[in-house]
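This is what each chain is made of:
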Amino acid sequence: VDLTAAQQQVVGHGGRLRVTGGAATGKSTALRARYLSLATAGPASRILAISRDRTASTAFRDEILVDLRGGFDALPITTVFGVAHDLVSRAGDDRRLLGHREQWTLVERLLAAEEVDAPSLWPTLHPFVGRRAFVDEVARAVLVLRETGGRLPAGDERWAELASFEARYRAALDERGAVDGPGLVARAAEVAGAADFDRFDHVLVDDGHDLSLAAGRLVALLGERASTVVVAGDPEVATRPDLDPAACLSVATPDPADSLVLDTRFAPAPDEFRIVARHPSVEPEAIAAVLLESAAAGVDWGDMAVLVRSPAQRGRAVVRALARHGIPVSTSASRPADEPVVRAIVDVLRWVGGDELALERVLSSPLSDLDAVAVRRLQREAKVEGISLSEHAELASLRQLRDDLATRADRDTPARLAYSVYRRLMSHLVTEPDNGAGSDAANRALDAVVALVDGLSRWSDRQPGARLEDYLASLDAPEAEPDPWRTSARSQPGVTVTSIQAATGRRWHTVVVAGCLEGELPRVSGFIPFFDPLALPGAGRADGASRPTVAERRARSLAVERRRFHLARTRATARLVASAGPEPKDIVSRFVERWPEREAVLPAVEVSPAPHLLATPGVTPVFPDSLLRLSASQLNTYEDCGLKYAYSYGLRVRDEGNVWSGLGTYVHDVLERFLQPGNDIDHSLEALRILANERWSDDIATYRPQREELRRQSLEILDAWWESEGQHLDRSTVVAVEHAFDIEIGPHRIRGKIDRVDRTPDGRIEIVDYKTGKKEISDDAAVDDLQLATYHLAAERDPKLSAEGSPDRLRLLYLRSMHSREQPITDDHAVRTEARILAMAEQILTEQFQPSVSADCDHCDFHRLCPLQPEGREVGAV
Ligand code: SF4
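Cut-offs used in this document
- Residues numbered from 1 in each chain as written.
- Predicted model: local features only at pLDDT ≥ 70, side-chain atom pairs only at ≥ 80, totals over all residues.
- Heavy atoms only, no water.
- Helix = DSSP H or I, 4+ residues; strand = E, 2+ residues; numbered from the N terminus.
- Buried < 20%, exposed > 50% of the residue type's maximum accessible area, 1.4 Å probe, protein only.
- Contact = heavy atoms within 4.5 Å.
- Areas by Shrake-Rupley, 256 points an atom, 1.4 Å probe, with all protein chains shown as cover.
- Axes fitted to C-alpha atoms, helices over the stretch in contact; angles between N-to-C directions.
- Parallel < 35°, antiparallel > 145°, perpendicular 65-115°, else oblique.
- Nonpolar A, V, L, I, M, F, W, Y, C, P; charged D, E, K, R; others polar.
- Near = heavy atom within 4 Å.
- Pairing = 2+ DSSP bridges.
- Right-handed = clockwise from strand over helix to strand, strands pointing away.
- Patch = residues over 30% accessible without salt bridge, like charges linked within 9 Å, V, L, I, M, F, W, Y side chains within 5 Å.
- Salt bridge = Lys/Arg side-chain N within 4 Å of Asp/Glu carboxyl O.
- Polar contact = N/O pair within 3.5 Å; in protein donor to acceptor, adjacent residues only side chain to side chain.
- Phe/Tyr/Trp six-rings, centres within 6.5 Å; stacked < 30°, edge-to-face > 60°.
- Lys NZ or Arg CZ within 6 Å of the ring centre and 35° of its normal.
- pLDDT = per-residue confidence, 0-100.
- Expected span 1.5 Å × (residues − 1).

Peer 1: Help me understand the overall build of the chain, please; the structure alone is not making it clear to me.
Peer 2: When helices and strands are counted, the chain shows 30 helices and 20 strands. Taken over 878 residues, the chain has a buried fraction of 49%. Contacts in the chain between residues far apart in sequence, at least 24 positions, make up 76% of those at least 6 positions apart. Accessible surface, the chain: about 41,600 Å² in total, of which carbon and sulfur atoms supply 51%.

Quick look at the structure:
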């Protein structure tokens, strides 16, 4: 390789050197050339090369082995944790290193044990000690404190109490013969600081911007004891929010050190564009199309990647979409834990551990031969018999398995228990040698089970004596990047789907950066953590400087997000695509605002003939007692579209609502409290605004831009209501707000809530139903609106409302525009409504769940499950 003059300086430098440069500027190439040059002049065993993780160090080793000449008895090419572990174990300290889940579990156990004495152990924070969120905060903060060296900010009670806990945590680690990451590195620094330490002549560090502060200090110490040290990194992609970007490079190579910038870029800039899908569910399909296009141009699957902020969320949807189109995904991306069989085995273990709800998931999993109808039947029969589901007679063999495993839970490792589940419930996946290879699905399931049992065995090796209870507790630990000292399974060739962070140091021909939306990339926050790392004296804040304000934190957060996006952007060598699938009112990321846009093309799917749906098997009908309990909005949904009703209320495919339903709930809540008969709230705009402020919760949306938009819109709605109606309203005429009813219609019950009931001047009542959406129905449609008609029927039959007088006026009130739509009341209004509802109930009972061509599909979440929509075509008719 021809090196530039700057790279040659890296190779030949004879002292302490800090090298910075962006992606594709040849930092790693120069380090490898330096390594080979040093190895010709001295023993390779005295050259320490440190990479950011095991994958990178293996790649470094593989590349230099091709050119390394002569013999060597050791090649210390490793990670910071690798060298730390080596130094510590050579010094006779063989404590076991905890992974992040084990560390979290230890903190959780310690805090649980401290609940009784919390007031004395946590003088100001004791009310939080039993809370799960507090465990997360403490588990993070204790590592930060240990990493920064334990220096505390003066007068900060939270950090002082945390420091006391850290002493107890340290004692617990010692008692268990364990050490955490910062502890291991600190102990290695003690070894390296000994007067007679003499292990390395040269130290080389790649991706030094990713070092922790403690690791940086260890490198600095090793560098002091060596003849030369070169640390290379790119501060432009450093993403730790609590550290200045160049802090770790400076700590690892303290002044005086020479600095060198590599600024010759060896690769041309990639072709960059963005695609904006029209719905979040379509984005993964559009990503698959991009990858198929690259493959058609001859790019290997292994030379493509999809980078996401969170593999646990967006990554899964992408992996599933790629699988639908037959695109191979590297096995490390399709994590074993995402495989249905693995989730099912873990659910069996949860059930053994006492989680009864896990049984329902097991019954719907590949471990059970029951279909959804059979599971529902078992649930109904158990309910009728008044027993728990697990006591059902048909589940005797599963129950036997649970009881067997429960008796072994105290003496067998979780790996052995998981293997037993596999042997008892899944051995049919193993193909007999004579029968040739198993199906792809069976092989994939088998691979995932092997990976699970293997991982559990390693988990048990690291924690001798830990049993099922400990394993189940560790499952509650939050997701985090894989521990950098662990080797991941060697991945199969395929598209890499991973986090932006884990892509450091790697490059691919085609890279798709998914989820380019405001709130996700960037996710800007001025949030002050419970234990604020920026309060600690350290690299993120100069000693004596005041703590940053919220505005400064937001600016700092945006800078980190820019570097994160830069990291993602610089992973592509030829083709870089930013993708987004915004919901209404989501905003495409400012980082790609000006990028050229190409149309999101959906890949063609080979459509097989639509499956012929069999009639519900068995003699037990879905509604055995033929009685329905419906709400007015369920009736409305069914009338709009039978399939939407079946998904929403029959199967409960998605039941979480969205930000717009959250806005509707909030506005209804404010108006309910404001107009509640008998309350003492002043009838003024100011009082309405104060109430709105009190009732506001940031939980309404995940992302700040959405929250701000919802806040703005809800205040506009309330102001408009006050202006147009509220200020003129005589509150004494409001008879009821959010009035709940539950009435009989034939054999069925219909329930619901009426937003407002007013008394009219002639002593009758008016029903008002608020609408917060933008879409308004026509006057003609209002005449037949089933929800208003149902409210009319309820007002006639509900004892409290019927005592107030018969309904005189039925009105939909659109709060955004303050338009009203009215439904005239006819003489046979109640009779006709009852007949409509009975007819509809009959259709539901006979499971008539067809999609409707005239439905309000724009506001439907089930496009991908609907044969009328292009996205649902793989299950639709040819
Ligand atoms: S997309 Fe339209 S037709 Fe399909 S389920 Fe949704 S509302 Fe019904």
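Peer 1: How do you make sense of the packing of helix 7 (residues 132-147) against helix 8 (residues 157-175) when you look at a structure like this?
Peer 2: Between two packed helices, the angle of one axis relative to the other and the distance separating the axes together describe the packing. Between helix 7 and helix 8, whose axes approach to 10 Å, the crossing angle comes to 85 degrees. Of the possible angle classes, the one that applies to helix 7 and helix 8 is roughly perpendicular. For the pair formed by helix 7 and helix 8, the contact residues are Val138, Ala141, Val142, Leu143, Val144, Leu145 and Arg146 on the first element and Trp159, Leu162, Ala163, Phe165, Glu166, Tyr169, Arg170 and Leu173 on the second. Here the residues of the contact of helix 7 with helix 8 sort into 12 nonpolar, no polar and three charged.

Peer 1: Honestly, the site of the ligand in this entry has me stumped. Any pointers?
Peer 2: Contacts to the ligand come from Cys641, Leu643, Lys644, Pro851, Ser852, Ala855, Cys857, Cys860, His863, Cys866, Leu868 and Gln869. Among the residues making up the shell around the ligand, the classes are represented as eight nonpolar, three polar and one charged.

Peer 1: What is the right way to read the pairing of strand 2 (residues 47-51) from this model?
Peer 2: Look at any regular strand and the pattern is simple: side chains alternate between the two faces of the sheet. Among the five residues of strand 2, five are classified as buried, and the element is accordingly described as predominantly covered. With burial as the criterion, each face of strand 2 is covered, one bearing Ile47, Ala49 and Ser51 and the other bearing Leu48 and Ile50. Pairing between strand 2 and strand 6 (residues 202-205): four bridges, direction parallel. By the bridge assignment for strand 6, leucine 48 is matched with valine 203. For strand 2 and strand 3 (residues 77-79), the ladder comprises three bridges, and the chain directions are parallel. Paired with alanine 49 across the strands is isoleucine 77, a residue of strand 3. Of the crossover connections in this fold, the one passing from strand 2 over helix 3 (residues 54-67) to the parallel strand 3 is right-handed.

Peer 1: Sorry, what's going on with a nonpolar patch on the surface here?
Peer 2: Residues Leu651, Val653 and Leu865 make up a contiguous nonpolar surface patch of roughly 240 Å² in combined accessible area. Topologically, valine 653 is positioned in the loop between helix 23 (642-650) and helix 24 (659-675). Residue classification places valine 653 among the partly exposed residues on the basis of a relative accessible area of 41%.

Peer 1: Hey, could you run me through the side chain of threonine 228 in this one?
Peer 2: Checked against the element boundaries, threonine 228 lands in strand 7 (residues 228-233). Within the structure, the side chain of threonine 228 is placed 2.7 Å from the side chain of histidine 202, a separation counted as a polar contact. In this view, threonine 228 contacts His13, Gly14, Gly15, Arg34, Asp201, His202 and Val203; residues no more than four positions away in its chain are not counted.

Peer 1: I tried to follow the packing of aromatic side chains on my own but got confused; where do I start?
Peer 2: Per the stated rule, a full pass over the model turns up 21 aromatic pairs. Centre to centre, the rings of phenylalanine 674 and tryptophan 721 are 6.1 Å apart; their planes meet at 90 degrees, and the pair counts as edge-to-face. Here phenylalanine 674 is found in helix 24, whereas its partner tryptophan 721 is found in helix 26 (residues 704-724), with 47 residues between them in sequence. No difference in accessibility class separates phenylalanine 674 from tryptophan 721, as the two residues are buried. Clustering of aromatic rings is evident, with ring pairs tying together Trp122, Phe128, Phe134, Trp159, Phe165, Tyr169, Phe530 and Phe531. A cation over an aromatic ring shows up here: arginine 598 above the ring of phenylalanine 273, its NZ or CZ 3.7 Å from the ring centre. For arginine 731, the ring lying beneath its charged end belongs to phenylalanine 674, and the centroid distance is 5.2 Å.

Peer 1: Is there a simple way to think about the sheet that holds strand 9 (residues 271-276) in this case?
Peer 2: Within a sheet, adjacent strands bond to each other through the backbone by hydrogen bonds, running parallel or antiparallel. Read across the sheet, six strands follow the order 11-10-12-13-9-14 without closing on themselves; strand pairing throughout is parallel. Both edges of this open sheet fall to strand 11 (496-499) and strand 14 (597-598), since each of them pairs with a single strand only. By the bridge criterion, four bridges tie strand 10 (residues 304-308) to strand 11 in an arrangement that is parallel. Among the inter-strand pairings, valine 306 is bridged to a residue of strand 11, identified as valine 497. Contacts from helix 12 (residues 283-296) reach strand 9, strand 10, strand 12 (508-513) and strand 13 (572-580) within the one sheet, and its direction differs from that of strand 13 by about 160 degrees. Contacting strand 9, strand 10, strand 12 and strand 13, helix 21 (residues 550-569) runs over the sheet at an angle of about 130 degrees to strand 13.

Peer 1: What should I look at first to understand the confidence of the model for the chain in this one?
Peer 2: Do not read the fine detail of predicted coordinates wherever pLDDT is low. Taken over all residues, the pLDDT of the chain has a mean of 84, while the share at 70 or more is 89%. In the predicted structure, residues 482-490 sits below a pLDDT of 50 and forms 22 contacts with residues beyond four places in sequence or in another chain. The low-confidence segment residues 606-614, where pLDDT is below 50, has 10 contacts with residues more than four positions distant or belonging to other chains.

Peer 1: Where do I start with the pattern of salt bridges in this structure?
Peer 2: When charged atoms on two side chains of opposite charge get close, those side chains can pair. Throughout the structure, instances matching the rule amount to 64 salt bridges. The closest approach of N and O atoms between arginine 797 and glutamate 834, which form a salt bridge, is 2.7 Å. One end of the pair, arginine 797, is in helix 28 (residues 786-797); the other, glutamate 834, is in helix 30 (residues 829-845), with 37 residues separating them in the sequence. A relative accessible area of 35% means that arginine 797 is categorised as partly exposed. The class of glutamate 834 is partly exposed, set by a relative accessible area of 21%. Within the structure, one salt-bridge network assembled from shared partners comprises Glu725, Arg756, Asp758, Glu766, Arg809, Arg811 and Glu822.

Peer 1: Is there a simple way to think about the environment of glutamate 725 in this case?
Peer 2: Inspection of the secondary structure puts glutamate 725 in the loop between helix 26 and strand 16 (734-745). Under the relative-accessibility criterion, glutamate 725 is labelled buried at 12%. Sequence-wise, glutamate 725 and methionine 818 are 93 residues apart; in three dimensions their C-alpha atoms are separated by 8.3 Å. Residues contacting glutamate 725, with those up to four places away along its chain left out, are Arg756, Arg811, Leu813 and Met818.

Peer 1: Would you take a moment to explain the sheet that holds strand 8 (residues 258-262) for this structure?
Peer 2: The six strands lie next to each other as 3-2-6-7-1-8, forming an open sheet whose pairing is parallel. Where the open sheet ends on each side, the last strands, each with one partner, are strand 3 and strand 8. Between one strand and the next, the sheet's axes are offset by a mean angle of 20 degrees, whatever the strand orientation. Of the strands in this sheet, strand 2 and strand 3 touch helix 3, which is tilted by about 170 degrees from strand 3. The sheet strands contacting helix 4 (residues 80-90) are strand 2 and strand 3, and the helix crosses strand 3 at an angle near 100 degrees.

Peer 1: Help me understand helix 10 (residues 213-225), please; the structure alone is not making it clear to me.
Peer 2: Side chains three or four residues apart in an α-helix point the same way, a direct result of the helix having 3.6 residues per turn. The end-to-end C-alpha separation of helix 10 is 19 Å, in line with the 18 Å expected for 13 residues at 1.5 Å each. Inspection of helix 10 places Leu213, Ala214, Ala215, Gly216, Leu218, Val219, Ala220, Leu222 and Gly223 among the buried residues, and these make up the whole buried set.

Peer 1: What exactly am I supposed to notice about helix 21 here?
Peer 2: With 20 residues, helix 21 extends 28 Å from end C-alpha to end C-alpha; this agrees with the ideal 28 Å at 1.5 Å per step. Those residues of helix 21 that sit buried are Arg553, Ser557, Leu558, Val560, Glu561, Arg563, Arg564, Phe565, Leu567 and Ala568.

Peer 1: Even after reading the chapter, I still don't get the pairing of strand 16, so can you show me in this structure?
Peer 2: Of all 12 residues in strand 16, nine are buried, a share of seventy percent or more. The sheet contact formed by strand 16 and strand 17 (residues 748-759) spans 10 bridges and is antiparallel. Residue alanine 740 lies in a different strand from strand 17, and its bridge partner there is lysine 753. In this antiparallel pair of consecutive strands, strand 16 and strand 17, the connection spans two residues, and glycine 746 shows a positive phi of 55 degrees.

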